[in-house]
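If you want the building blocks of each chain, they are given just below.
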Amino acid sequence: MAQHKVNYTQDGGLPVALTSIDKIVNWGRSNSIWALTYGLACCGIEMMASGASRYDFDRFGTIFRASPRQADVMIVAGTLTKKHAEFIKRLYDQMTEPKWVISMGSCANTGGMFNTYATVQGVDRIIPVDLYLPGCAPRPETLQYGVMLLQKKIRANEASRAQKAKRLM
Amino acid sequence: MRAYTPKDDVQAKAYYTDRFYVSPQVPKQKPESDEVFNADLEAIKAKFEVTDAYIQVEQLVIYINANDIYGVLELMRDELEYTQLSEMSAIDWLAKGNKFEIFYQMLSMNKRKRIRVKYFIENGQAVDSVEKLFRSADWSEREMFDMFGIEANGHPFMKRILMPYDWQGFPLLKTYPLQGDEFAAWYEVDKIYGKEARDIIGPELRDTAKVDRYDSERFARLGHEVPKGTKITGNEPKNEQNYQEDDGVFMIKKFDKKDSVVIDDPQR
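Residues numbered from 1 in each chain as written. Chains lettered and ligands numbered in written order. Predicted model: local features only at pLDDT ≥ 70, side-chain atom pairs only at ≥ 80, totals over all residues. Heavy atoms only, no water.

**Q** How should the overall build of chain A be read in this particular structure?
**A** Within chain A, the regular secondary structure consists of 5 helices and 5 strands. Each helix and strand of chain A, placed in order from N terminus to C terminus, yields the pattern α-β-α-β-β-α-β-α-β-α. Out of the 169 residues in chain A, the part that is buried amounts to 44%. Across chain A, the fraction of contacts at a sequence separation of at least 24, relative to all contacts at a separation of at least 6, is 78%. (Helix = DSSP H or I, 4+ residues; strand = E, 2+ residues; numbered from the N terminus. Buried < 20%, exposed > 50% of the residue type's maximum accessible area, 1.4 Å probe, protein only. Contact = heavy atoms within 4.5 Å.)

**Q** Just checking my understanding: could you explain the pattern of salt bridges for this structure?
**A** Working definition: two side chains of opposite charge can pair if their charged atoms are close together. Under the criterion given, the structure shown has 23 salt bridges over all chains. When the shortest N-O distance is used, the salt bridge between B:Glu188 and A:Lys82 registers 3.5 Å. Of this pair, B:Glu188 sits in helix α5 (residues 187-192) while A:Lys82 sits in the loop between β3 (73-77) and α3 (85-94), which puts the two residues in different chains. A relative accessible area of 1% places A:Lys82 in the buried class. Overlapping salt bridges, with partners in common, bring together A:Lys82, A:Arg125, B:Glu188, B:Glu204 and B:Arg206 in one network. (Salt bridge = Lys/Arg side-chain N within 4 Å of Asp/Glu carboxyl O.)

**Q** I'm lost on the pairing of strand β3 (residues 59-64) of chain B in this one. Help?
**A** If a strand is regular, its side chains alternate between the two faces of the sheet. Residue and element names in this part refer to chain B. Where burial is concerned, most of β3 is hidden: 6 out of the 6 residues are buried. With burial as the criterion, each face of β3 is covered, one bearing Gln59, Val61 and Tyr63 and the other bearing Leu60, Ile62 and Ile64. One ladder, built from 6 bridges, connects strand β2 (residues 50-56) with β3; its direction is antiparallel. From the neighbouring strand, tyrosine 54 faces β3, where its bridge partner is valine 61. (Pairing = 2+ DSSP bridges.)

**Q** What's the story with α3(A) in this structure? I'm lost.
**A** Residue pairs three or four apart in sequence face the same way in an α-helix, which turns once every 3.6 residues. All of the buried residues in α3(A) are A:Ala85, A:Ile88, A:Lys89 and A:Tyr92. Buried positions in α3(A), seen along its axis, are confined to an arc of 100° and lie on one side of it. Where the residues of α3(A) are buried, they touch β3 and β4 (100-104) of chain A together with α5 of chain B. (Arc of directions from axis to C-beta.)

**Q** When you look at the sheet that holds strand β6 (residues 113-122) of chain B in this model, what are you seeing that I'm missing?
**A** Sheet strands pair by backbone hydrogen bonding; their relative direction is either parallel or antiparallel. Residues and elements named next belong to chain B. One open sheet holds the 6 strands; their spatial order is β1-β2-β3-β6-β5-β4, and the pairing between them is mixed. A strand with exactly one partner marks an edge of an open sheet, and here the two such strands are β1 (28-29) and β4 (84-93). Against the sheet, helix α3 (residues 136-148) contacts β4 and β5 (99-108), and its axis sits at roughly 10° relative to β4. (Axes fitted to C-alpha atoms, helices over the stretch in contact; angles between N-to-C directions.)

**Q** What's the story with a nonpolar patch on the surface in this structure? I'm lost.
**A** Taken together, A:Ile21, A:Ile24, A:Trp27, B:Phe250, B:Met251 and B:Ile252 make up a surface patch of nonpolar side chains, about 590 Å² in accessible area. With respect to the helices and strands, the residue B:Phe250 is situated in the segment after α6 (198-201). (Patch = residues over 30% accessible without salt bridge, like charges linked within 9 Å, V, L, I, M, F, W, Y side chains within 5 Å. Areas by Shrake-Rupley, 256 points an atom, 1.4 Å probe, with all protein chains shown as cover.)

**Q** Just to check I follow, could you spell out the pairing of β6(B) for this structure?
**A** All names here are of chain B. Buried residues dominate β6, accounting for 7 of its 10 residues. Bridge count between β3 and β6: 4 bridges; the pairing is parallel. Its bridge partner being in β6, isoleucine 62 is matched across the sheet by valine 117. In the sheet, β5 pairs with β6 via 10 bridges, with the strands oriented antiparallel. Within the sheet, the bridge partner assigned to lysine 99 lies in β6 and is glutamate 122.

**Q** Even after reading the chapter, I still don't get the confidence of the model for chain B, so can you show me in this structure?
**A** Atom-level detail of predicted coordinates should not be read off regions where pLDDT is low. Per-residue confidence for chain B gives a mean pLDDT of 88; residues scoring 70 or more make up 94%. For this predicted complex, the interface confidence reaches an ipTM of 0.80, while the overall pTM sits at 0.81. (pLDDT = per-residue confidence, 0-100.)

**Q** What should I look at first to understand unusual backbone geometry in this one?
**A** The bulk of non-glycine residues show a negative phi, and the bulk of peptide bonds are trans. Of note, the amide linkage connecting A:Glu97 to A:Pro98 takes the cis form, showing an omega dihedral of -5°. On the secondary structure map, A:Pro98 appears in the loop between α3 and β4. A positive phi angle, close to 50°, is found at B:Val57, a residue other than glycine. Looking at the element boundaries, B:Val57 is found in the loop between β2 and β3. We note that B:Asn98 has phi near 55°; this positive angle belongs to a residue other than glycine. For B:Asn98, the location among the structural elements is in the loop between β4 and β5.

**Q** Looking at this model, I keep getting lost on the side chain of A:Thr79. Mind explaining?
**A** Residues and elements named next belong to chain A. Of note, threonine 79 is situated in the loop between β3 and α3. When its relative accessible area of 16% is taken as the criterion, threonine 79 is described as buried. Here threonine 79 is in contact with Leu40, Ala41, Cys107, Phe114 and Thr119, once residues within four sequence places are set aside.

**Q** What should I look at first to understand the side chain of A:Thr62 in this one?
**A** Residue and element names in this part refer to chain A. Summarising the element assignment, threonine 62 is placed in the loop between α2 (43-51) and β2 (64-65). You can call threonine 62 buried: its relative accessible area is 2%. Dropping the residues within four chain positions of it, threonine 62 is found in contact with Ile33, Ala35, Phe57 and Val147.

**Q** When you look at the interface of chain A and chain B in this model, what are you seeing that I'm missing?
**A** You'll often see interface size given as the accessible area lost when the parts meet. Each partner contributes residues to the interface: chain A has 29 residues there, and chain B has 40 residues. Here chain A packs against chain B, burying approximately 3,000 Å² in sum over the two surfaces, 61% of which is carbon and sulfur. Summed over the shared surface of chain A and chain B, the number is 5 salt bridges. Taking the shortest distance from any N to any O, the salt bridge between A:Glu86 and B:Lys191 comes out at 2.8 Å. Taken together, the links from chain A to chain B amount to 15 residue pairs in polar contact (both at pLDDT 80 or more). The residue inventory of the side of chain A that touches chain B, partitioned by class, reads 13 nonpolar, 8 polar and 8 charged. (Buried area = accessible area lost by both parts, 1.4 Å probe. Polar contact = N/O pair within 3.5 Å; in protein donor to acceptor, adjacent residues only side chain to side chain. Nonpolar A, V, L, I, M, F, W, Y, C, P; charged D, E, K, R; others polar.)

**Q** Just to check I follow, could you spell out the sheet that holds strand β1 (residues 35-36) of chain A for this structure?
**A** Residue and element names in this part refer to chain A. As summarised here, the arrangement of the 5 strands in space is β2-β1-β3-β4-β5, forming an open sheet in which the pairing is parallel. Strands at the two margins of the open sheet, each flanked by one partner only, are β2 and β5 (131-133). Bridging between β1 and β2 involves 2 bridges; their strand directions are parallel. Each residue of the ladder has a partner; that of leucine 36, found in β2, is arginine 65. Seen against the sheet, helix α5 (residues 140-156) touches β3, β4 and β5 and runs at an angle of roughly 165° to β5.

Structural data, given as structure tokens:
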């Protein structure tokens, strides 16, 4: 076992760091964004690639969870059909606050090329979206950049107050 | 976006003239030109009425009466070695005679031959299910019901297969608009939030080419983002988005391009 020597003489002699509740909570939240495994179409493949070893989402503390109750962020990766719309609402409601939504790719943003009767024209008709990623499909770098922007957004919030729940209506 | 034109009578009138292009008919041969097909056709004709028969693209096409379909397919499966129903569905000829054409694509692995069995039904008429003969007809007939509204008598589970159970309308009909009718446009809003939410959520934006620089409810203001709902007056300054605050983040080092090294060697 490694032996650590604490230098009690530096920083005023105390092994203590001072910060605010906001900062420490947001630091924890922004660096452990657990994402709901939610690949709906081909964007899901890019999302999987982001999680795999080459792009390695674990570096950001982003770990994919199979249950909405353990997830903080829902990455809507792919085409949302009208048949599936009620389930995305149900899964979103099952996630615990605070929660965020990333709309990944053209289909989730606007319906994309599926300008048809069976496709929801933008996932923001169903649930509130924090971040839209353009692309068809966005590359894993885009998704990782998006998660970094989401981290910035989380850090900008006041964590100490009870966060107001985001609702579409 | 292309202007919407009513498609109720799209089949009734020709939208091109012979002056420019006549779509060539795929040539048809007589069934007698193929030994195997001729024998099959004779075997079917011995028991059932065949109204028309020809060979097209090396496949035999036969037209029968709607009531005979179960018997014909049973005969083909048990005696003529056509053991697979690869595909079945309907064709919408409602504008031209208020009819549906139903087709069954049969495959014989032993003979290496395909036969297409066809018949016409009136609009609103049901067909006989062949699910007892071919399990593949189970889902095909459900899809036919889903897309055209043609029911199959004797099917064990005659429900929609692709669209939700509470869907209204049959999407593969020629009269069904591609972008959906009013029910389709509000389906998810009505179901999840209720009809009173229509005003709040608003209609679908179906114009893919629409760009509105004064619209701050949507996201398409890349580089010039403003908070949602902001009234946009004129030239908003360019909004440089950075993934990190200027004064840095606790315990996280900021990526500096100057200090980074670009590796050119792909084999590294």
